[in-house]
Amino acid sequence: MSCSKCSDQAKETAKKGGIPEEQGKATWGAGGGEQEVAKKRKRCEKCGCFVTSAGACVNPKCGAKGHQQGQSQRPQIDTTSRGGLLTVDEAVRILEGHEKAEIRGMAASWLASKAGEAAVPVLIQALQDDGDAHARRKSAWALGKIEDTQAVPALIQALEGDDSARVRRSAAFALGRIGDRKAMDSLIQAIEHEEDDRARQNVAGALGDLGDPQAVPALIQALDNDPVHHVRRSAARALGKIGDPRAVDPLIQTVQNKNEDSTVRQ
């Protein structure tokens, strides 16, 4: 079955181009591409319209599940057996044992918003033991959202030693959110020696969130010498948050340096 919009467009195409109506139906929606390619395109099971490569039905009025306008078909936690409700125990089991890392990551995010501090031990375990970087990254992010200090040692360990830069970025973010000064030494070492610029950017932001003047020399060094402008920008903002007088002259020099990136000077 096809919708009236598709049928009308097919007829119009057939009239203008002299194409048989049935062939016009196969051609419409392909952006003027080859007819054979158009015929192979998937159609929405509900209305019969074409479906984009992202899984979206081209018909804006179609409400077919999984083919809503502009939405792609991404894995979701299956809660249909419970009418859409998910318990904490179920989310924990998903985080600990689901075969897909993306689903485990979704469970970590769900636990951060629904379970809070009760989920911290299992999230720490996932951060330390999950074999997939995506799941570890989401667990670190979730721990930052919960803001419980018992996660700090595991997050420091991830910042210092995880082989995934994306996990280290999330660990830095989480340490900044939690704001425990026990992370200060590790964060200072990271802004000086971390190879990934996005991780250094998050580290600078975390140091600003902690607000400890102990970080000022390392942040000034990053402001003056880091090769990546968004790290320098983050360092400048962190120095502004801390408000230490030692940062005044370096910040003035940065503003006056016409060779500096405009986003840093601002």
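Placed above this text is the structure.
Cut-offs applied
Residues numbered from 1 in each chain as written. Predicted model: local features only at pLDDT ≥ 70, side-chain atom pairs only at ≥ 80, totals over all residues. Heavy atoms only, no water. Phe/Tyr/Trp six-rings, centres within 6.5 Å; stacked < 30°, edge-to-face > 60°. Lys NZ or Arg CZ within 6 Å of the ring centre and 35° of its normal. 1 Å grid on protein atoms, 1.4 Å probe; cavity = no way out; pocket = protein on both sides within 12 Å on 5 of 7 lines; lining within 4 Å. Points joined across faces, edges and corners; volume = space filled by probe spheres on them. Helix = DSSP H or I, 4+ residues; strand = E, 2+ residues; numbered from the N terminus. Salt bridge = Lys/Arg side-chain N within 4 Å of Asp/Glu carboxyl O. Buried < 20%, exposed > 50% of the residue type's maximum accessible area, 1.4 Å probe, protein only. Polar contact = N/O pair within 3.5 Å; in protein donor to acceptor, adjacent residues only side chain to side chain.

J.: Just give me the short version of the packing of aromatic side chains, but keep the residues and values in it.
T.: Scanning the entire structure with this criterion turns up 0 aromatic pairs. Above the face of the tryptophan 141 ring, lysine 138 is positioned so that its terminal group lies 5.1 Å from the ring centre.

J.: Mind laying out the layout of surface pockets, listing which residues take part and the relevant values?
T.: By volume, the second largest pocket amounts to about 150 Å³. Together, Ile191, Glu192, His193, Glu194, Arg200, Ala218, Gln221, Ala222, Asn225, Asp226 and Pro227 line the second largest pocket. Of all the secondary-structure elements, those providing two or more residues to the lining of the second largest pocket are helix 10 (184–193) and helix 12 (216–225). Looking at the lining of the second largest pocket, the element that brings in the most residues is helix 12, giving 4 residues.

J.: Residues and numbers for the pattern of salt bridges, please.
T.: For the structure on display, the rule yields 11 salt bridges. As a salt-bridge pair, aspartate 162 and arginine 136 come within 2.9 Å of each other at their nearest N and O atoms. Highlighted residues: aspartate 162 in the loop between helix 8 (152–161) and helix 9 (165–178) and arginine 136 in helix 7 (residues 133–146), separated in sequence by 26 residues. The exposure classification of aspartate 162 matches that of arginine 136, with both residues buried. Each of the salt bridges in this network shares a partner with another, and the network as a whole consists of Arg136, Asp162 and Asp163.

J.: Now, about the side chain of aspartate 212: what can you tell me, with residues and values included?
T.: Within the secondary structure layout, aspartate 212 lies in the loop between helix 11 (197–210) and helix 12. Within the structure, aspartate 212 has its side chain in polar contact with the backbone nitrogen of glutamine 214 (distance 2.9 Å).

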